[in-house]
Amino acid sequence: LLGRMLNSGQSCIAAKRFIVMEEVFDAFLSLFSEKIKKLKTGDPLKEETDIGPMAFLKQVQTLQEQVENAVRNGAKIITGGTALKREGFFFEPTLVTQITPDMNLWKEEVFGPVAPVMKVKSEEEAVRIANNSEFGLGASIWTEELEKGELLARKLEAGTVFINSIVKSDARMPFGGIKKSGIGRELSKYGLKEFVNIKGINIYK
């Protein structure tokens, strides 16, 4: 949940899509929904606030359009789903299911407190759907089988993959994306090399 609602979802490393195995889907959805309903929206300067405002009105409108487009095409809102009628640019913490890959809510970046969740029947289907995206910054795999998690991580098209943790940056590890999520790396020794010019000198006798 923390990974989804980081800065109210307005972060490049906030989770944008959830792919959940069929055998745990109902339990996941129930627990996720319960947590989301308890989130408090309000003044970000107050300690009790979980969800602050969007950065600007256009972002609220974009979220509304993405959610409404998904519903028109068969998605189901579990909780939330609309902008709040109050001063400021607030959008309800939202959970949406019955998602298909062609929906804007799935294929576009969702920059706000909206979590689209898709059910899959196999690990192969999960990897295929995850990789079928023009983005590739980071990914998380949650599993009790660490060896399997590592094998799946190697198949994901993302700059960084975390197993049993949300996506985050660490100064000891290179961080950056692939596809439309950027080029190059920051942090670690690989990040330092992005700031230097490497010269090749060739000498022939």
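Our structure is the block above this text.
Residues numbered from 1 in each chain as written. Predicted model: local features only at pLDDT ≥ 70, side-chain atom pairs only at ≥ 80, totals over all residues. Heavy atoms only, no water.

**Student:** Got a sec to walk through the pattern of salt bridges? Specific residues and values, please.
**Tutor:** As enumerated under the stated definition, the model contains eight salt bridges in all. With its nearest N and O atoms 2.9 Å apart, the salt bridge here joins Lys 148 to Glu 123. Remark: Glu 123 occurs in helix α5 (residues 123-131) and Lys 148 occurs in helix α6 (residues 146-155); sequence separation between them is 25 residues. When its relative accessible area of 29% is taken as the criterion, Lys 148 is described as partly exposed. Residue classification places Glu 123 among the partly exposed residues on the basis of a relative accessible area of 26%. When the shortest N-O distance is used, the salt bridge between Lys 148 and Glu 145 registers 3.6 Å. Through salt bridges with shared partners, one network takes in Glu 123, Glu 145 and Lys 148. (Salt bridge = Lys/Arg side-chain N within 4 Å of Asp/Glu carboxyl O. Helix = DSSP H or I, 4+ residues; strand = E, 2+ residues; numbered from the N terminus. Buried < 20%, exposed > 50% of the residue type's maximum accessible area, 1.4 Å probe, protein only.)

**Student:** Pulling in residues and values, what's your account of the nonpolar core?
**Tutor:** Counting 18 residues, the largest nonpolar core has Leu 63, Ala 75, Phe 91, Val 96, Ile 99, Leu 105 and Val 114 as the members making the most contacts within it. At the level of secondary structure, the elements contributing two or more residues to this core comprise α3 (57-72), α4 (104-107), β4 (114-120) and α5. No other element matches α3, which puts four residues into this core. For Phe 91, the residues in contact, after removing those within four places along its chain, are Ile 51, Val 60, Leu 63, Gln 64, Val 67, Gly 81, Thr 82, Ala 83, Leu 84, Pro 113 and Val 114. Residues Phe 18, Phe 25, Phe 32 and Leu 95 belong to the second largest nonpolar core, which totals nine residues. (Core = buried A, V, L, I, M, F, W, Y, C linked by side-chain atoms within 4.5 Å. Contact = heavy atoms within 4.5 Å.)

**Student:** Describe a nonpolar patch on the surface, and please don't skip the residues or the numbers.
**Tutor:** Residues Phe 56, Leu 57 and Phe 89 make up a contiguous nonpolar surface patch of roughly 270 Å² in combined accessible area. Considering the arrangement of structural elements, one finds Leu 57 in helix α3. You can call Leu 57 partly exposed: its relative accessible area is 43%. (Patch = residues over 30% accessible without salt bridge, like charges linked within 9 Å, V, L, I, M, F, W, Y side chains within 5 Å. Areas by Shrake-Rupley, 256 points an atom, 1.4 Å probe, with all protein chains shown as cover.)

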